Protein chains: 2
Amino acid sequence: MNVLTLDDIEALAIGAWILGTGGGGSPHHALLSMRRLYQDGVQVALIDPQDLADDDQIAVVSTQGAPLVTQERLTDSRAAARAVEAMEGHLGRRFRAVMGIEVGGANALQPVMAAAHLGIPVVDADAMGRAYPEAQMTTFAVGNLHPAPLTSVDPRGNEVIVSAAASWEWMERISRRICTEFGSTAATCKAPRSGYEVKRWAVPNTTSRAIRLGKAVMEANRTHADPIAAILESEAGKRLFTGKIAEVERRTTGGFLLGRTVLEGLGQERGERLEIAFQNEWVVAWRAGSAIASTPDLICLLDSDTGEAIGTEAVRYGQRATVIALPAPALFLTPEGLNRVGPAAFGYDIPFKSVFGHEAHRS
Amino acid sequence: MNVLTLDDIEALAIGAWILGTGGGGSPHHALLSMRRLYQDGVQVALIDPQDLADDDQIAVVSTQGAPLVTQERLTDSRAAARAVEAMEGHLGRRFRAVMGIEVGGANALQPVMAAAHLGIPVVDADAMGRAYPEAQMTTFAVGNLHPAPLTSVDPRGNEVIVSAAASWEWMERISRRICTEFGSTAATCKAPRSGYEVKRWAVPNTTSRAIRLGKAVMEANRTHADPIAAILESEAGKRLFTGKIAEVERRTTGGFLLGRTVLEGLGQERGERLEIAFQNEWVVAWRAGSAIASTPDLICLLDSDTGEAIGTEAVRYGQRATVIALPAPALFLTPEGLNRVGPAAFGYDIPFKSVFGHEAHRS
């Protein structure tokens with residue numbers, strides 16, 4: 001267990017935004033909350049999942065909602081803790097630690113905000129290793145763990161517990177409806193996990209991975225080195241395309257942000273085009289009519305100058321961007337994993353072919 | 001405390017359908033369930049609210065949903081009990097008895113079905129004295145009692161607890177969304193009430209009122225007497241209009257059934273027309289351009305031959321019908337009551353003027 005510095009949390013925000021693969025919402029507001037809490041003397045500890053006892057009880061938190069809404073509403077760090085407290089009230093017991101459901105985007109900071117108020121550590125793990133739009137797109141669902149209970153709170157004082165759900169899909173449908181009624185953003189505490197379940201089914205060490213990634217970007221920018229190269233080296237990633245944003249189509253449907261963007265190549269890709277479709281996150285990339293990368297591999301669109309991530313809700317004409325791929329968590333490369341988060345889960349009738357070949361089986 | 005006979009329950013179904021004022025859904029399917037349960041030897045007891053101790057805990061049940069859907073889906077009597085059991089699990093204590101939120105329509109039988117499975121009595125009271133479409137249209141809301149918690153279950157095994165709500169309106173919004181996701185019908189257990197709260201704020205003896213009313217109709221039909229006259233005498237009601245259905249407009253919007261019907265007069269009303277607007281229930285009746293009756297007075301459309309109620313979802317061209325008014329519960333005639341359920345609560349900018357004048361203050 002080690003204590004996170006504010007510098008770690010600044011790096012976490014940068015790294016998580018890259019791992020968000022275009023979605024998950026910008027961590028900026030959550031970072032502002034954490035700066036304030038650290039100014040007030042709060043400190044949050046990070047615990048390795050291997051240090052959990054099998055019967056430790058772990059709270060699993062997230063902000064659920066449309067990224068565009070979380071852009072406009074300020075983050076309330078206490079809401080993250082209130083969702084956990086509602087779950088403690090429901091279960092009649094306290095949690096040993098808190099973890100995030102997704103390390104990609106703002107939700108990387110959700111367990112840190114909750115932990116700051118609750119005085120318990122954050123587990124260095126998540127259940128996506130990236131960002132995904134729906135509750136059943138997790139390694140916990142791949143492991144067929146129980147979807148319920150879930151607590152959902154809003155800033156007005158409304159509080160809902162989904163105490164039983166017929167399936168992960170039903171949990172997603174019901175909790176999404178509640179979130180929509182709350183104004184398309186809700187602080188949630190997902191089904192609690194035992195230490196054993198976290199060790200067996202979570203994606204380990206993703207918080208420290210995001211911090212390492214963020215620090216690589218910060219260091220490159222500080223030393224005027226190439227941040228893209230630093231990211232690829234840090235995470236064993238592959239560069240797919242470098243260019244300029246030429247087209248953006250975007251629409252909000254049923255709480256999801258759908259659309260596509262097209263890059264026109266620069267440098268060695270001059271004269272070529274890359275198209276990327278998104279459903280909150282970047283899902284599939286095509287070049288010359290062929291899918292060259294797809295979920296669950298992480299497709300990241302980065303500012304070519306700074307290495308910072310560009311979100312699907314913010315990408316705009318004229319930006320100079322580099323598209324890279326990072327390896328997917330191993331659990332998503334299993335048949336059950338691909339069933340949950342492969343291209344078909346997003347409506348694309350294409351086989352999954354990893355950018356990384358066999359290397360991808362390392363998480 | 002007296003045990004209900006199956007004959008009482010048959011009468012309850014008839015009386016409750018009349019008190020439903022066009023809404024609340026037909027009790028027919030629930031009655032079929034109760035016939036089966038009574039065939040199996042079950043018996044349900046009715047307890048007078050005055051016999052409750054102040055600290056007795058009372059479950060308050062209803063089926064929430066669109067009447068048209070409850071017409072098509074068979075009633076599951078166990079769901080009524082499951083909602084109560086979910087509430088007992090949430091609170092960590094057992095209930096002394098169960099009562100219905102509304103005596104009008106199918107929900108009059110909801111506490112009887114729950115009680116049959118739970119082995120506890122039904123309180124002879126409700127919180128509407130009729131049927132209304134929304135959760136805040138109750139005497140409990142008039143009394144400013146707590147709106148939460150609420151449990152909502154569906155036949156698939158989904159179970160949601162609204163553990164805190166910012167207001168009655170928020171409780172309505174959130175629980176309505178859950179109900180919609182469940183397929184527009186859900187078995188719910190509303191905020192539990194103490195014996196004291198039931199005695200102070202419920203509408204007393206409405207179950208026995210509905211049974212008495214149903215028996216008056218049954219007896220009139222058996223003896224070939226005029227059932228309309230029997231109803232008016234039993235309930236101190238007033239006949240407003242007798243005629244034939246000439247127009248029906250109906251649309252389903254946001255889970256509600258909205259529309260209007262027009263009757264052309266027969267007998268002493270020949271040559272005249274009566275228009276009634278409905279929002280699930282009959283809300284306002286106009287004659288020659290003037291509102292002659294409105295909520296919270298009960299406007300009931302009855303089959304002129306049998307005295308049985310005609311629902312807003314079933315009224316059709318050519319039916320011979322008599323429109324009567326029955327007195328509203330006294331709590332709805334207070335300023336706070338009219339604020340919750342007067343014509344303005346349904347969007348009509350007309351003052352409430354009771355058909356019964358001062359007599360209406362008796363519930």
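Refer to the structure presented above.
Q: Hey, could you run me through the overall build of chain A in this one?
A: Looking only at helices and strands, chain A has 11 helices and 17 strands in total. Referenced to the eigenvectors of the C-alpha coordinate spread, the extents of chain A come out at roughly 60 × 45 × 40 Å. Evaluated residue by residue, chain A yields a buried proportion of 62% over its 363 residues. For chain A, long-range pairs separated by at least 24 residues make up 74% of all intrachain contacts whose partners lie at least 6 apart in sequence. As displayed, chain A offers around 13700 Å² of accessible surface, 48% of which is attributable to carbon and sulfur atoms. For chain A, the distance from the average position of its 35 positive side-chain charges to the average position of its 42 negative side-chain charges is 3 Å.

Q: How should the pairing of strand β11 (residues 238-253) of chain A be read in this particular structure?
A: A regular strand places its side chains on the two faces of the sheet in alternate fashion. All names here are of chain A. Pairing geometry for β11 and strand β17 (residues 320-326), over six bridges, is antiparallel. For F241, the partnering residue across the bridge sits in β17 and is V323. Across 10 bridges, the pairing between β11 and strand β12 (residues 256-265) is antiparallel. Bridge pairing links E247 to V262 in β12.

Q: How do you make sense of the relation of the copies chain A and chain B when you look at a structure like this?
A: The operation relating the pair of chain copies consists of a rotation about an axis and a translation along that axis. For the match of chain A to chain B, the screw axis carries a shift of 0.0 Å, the RMSD comes to 0.0 Å, and the turn is 180 degrees. Seen this way, the second copy is the image of the first under a two-fold rotation axis. Minimal C-alpha distance to the rotation axis in chain A is attained by I161 of chain A, lying at 2.4 Å.

Q: Honestly, the pattern of salt bridges in this entry has me stumped. Any pointers?
A: Two side chains carrying opposite charge are able to pair once their charged atoms lie near each other. Evaluation of the coordinates by the stated rule reveals 44 salt bridges over all chains. The closest approach of N and O atoms between E172 of chain A and R176 of chain A, which form a salt bridge, is 2.9 Å. Of this pair, E172 of chain A and R176 of chain A are both found in helix α7 (residues 168-181), four residues apart, which corresponds to roughly one turn of the helix. Like E172 of chain A, the residue R176 of chain A is buried in the burial classification. We note a salt bridge from E336 of chain B to R340 of chain B, for which the minimum N-O separation is 3.4 Å. You can see E336 of chain B and its partner R340 of chain B sitting in helix α11 (residues 335-341), four residues apart, about one turn around the helix. Here the salt bridges do not stand alone but share partners, grouping E247, E249, R260, E264, R273 and E275 of chain A into one network.

Q: Is there a simple way to think about the sheet that holds strand β12 (residues 256-265) of chain B in this case?
A: Backbone-to-backbone hydrogen bonds pair the strands of a sheet. The strands run either parallel or antiparallel. Residues and elements named next belong to chain B. Here we have seven strands laid out as an open sheet, ordered β15-β14-β13-β12-β11-β17-β16, and antiparallel in their pairing. Edge positions in the sheet fall to β15 (290-294) and β16 (298-303), since each of these pairs with one other strand and no more. The sheet shows a mean angle of 35 degrees between the axes of neighbouring strands, direction not considered.

Basis of the calculations
The residue numbering used here restarts from 1 in each chain and proceeds along that chain's sequence as written. In the order they appear in the text, chains get letters beginning with A and ligands get numbers beginning with 1. Restriction of local features to residues with pLDDT of at least 70 applies here, the model being predicted, together with a cutoff of 80 or more for giving and counting side-chain atom pairs; totals for whole chains, interfaces and linings are based on all residues. Side-chain numbers come from the whole structure's heavy atoms, not from hydrogens or water. Helical segments are the DSSP runs of H or I of at least four residues, strand segments are the runs of E of at least two, and each set is numbered from the N terminus. Exposure is judged per residue with a 1.4 Å probe applied to protein chains only, and the accessible area is read against the type maximum: over 50% gives exposed, under 20% gives buried, and values in between give partly exposed. The criterion used for residue contact is that any of the two residues' heavy atoms lie within 4.5 Å. To be clear on the numbers: accessible area is Shrake-Rupley with a 1.4 Å probe, and residue cover counts the displayed protein chains and nothing else. Residues counted as positive are Lys and Arg, residues counted as negative are Asp and Glu, and His and the chain ends are not counted. Charge positions come from single atoms, namely NZ of Lys, CZ of Arg, CG of Asp or CD of Glu. In this description, strands pair whenever DSSP reports at least two bridges between them. Copies are brought into register by a least-squares superposition over C-alpha atoms of residues with pLDDT of at least 70 in both. Salt bridges are defined as contacts in which a side-chain nitrogen from Lys or Arg sits within 4 Å of a carboxyl oxygen from Asp or Glu. Lines fitted to C-alpha atoms define the axes, with helix axes restricted to the stretch in contact, and inter-axis angles between N-to-C directions lie between 0 and 180 degrees.

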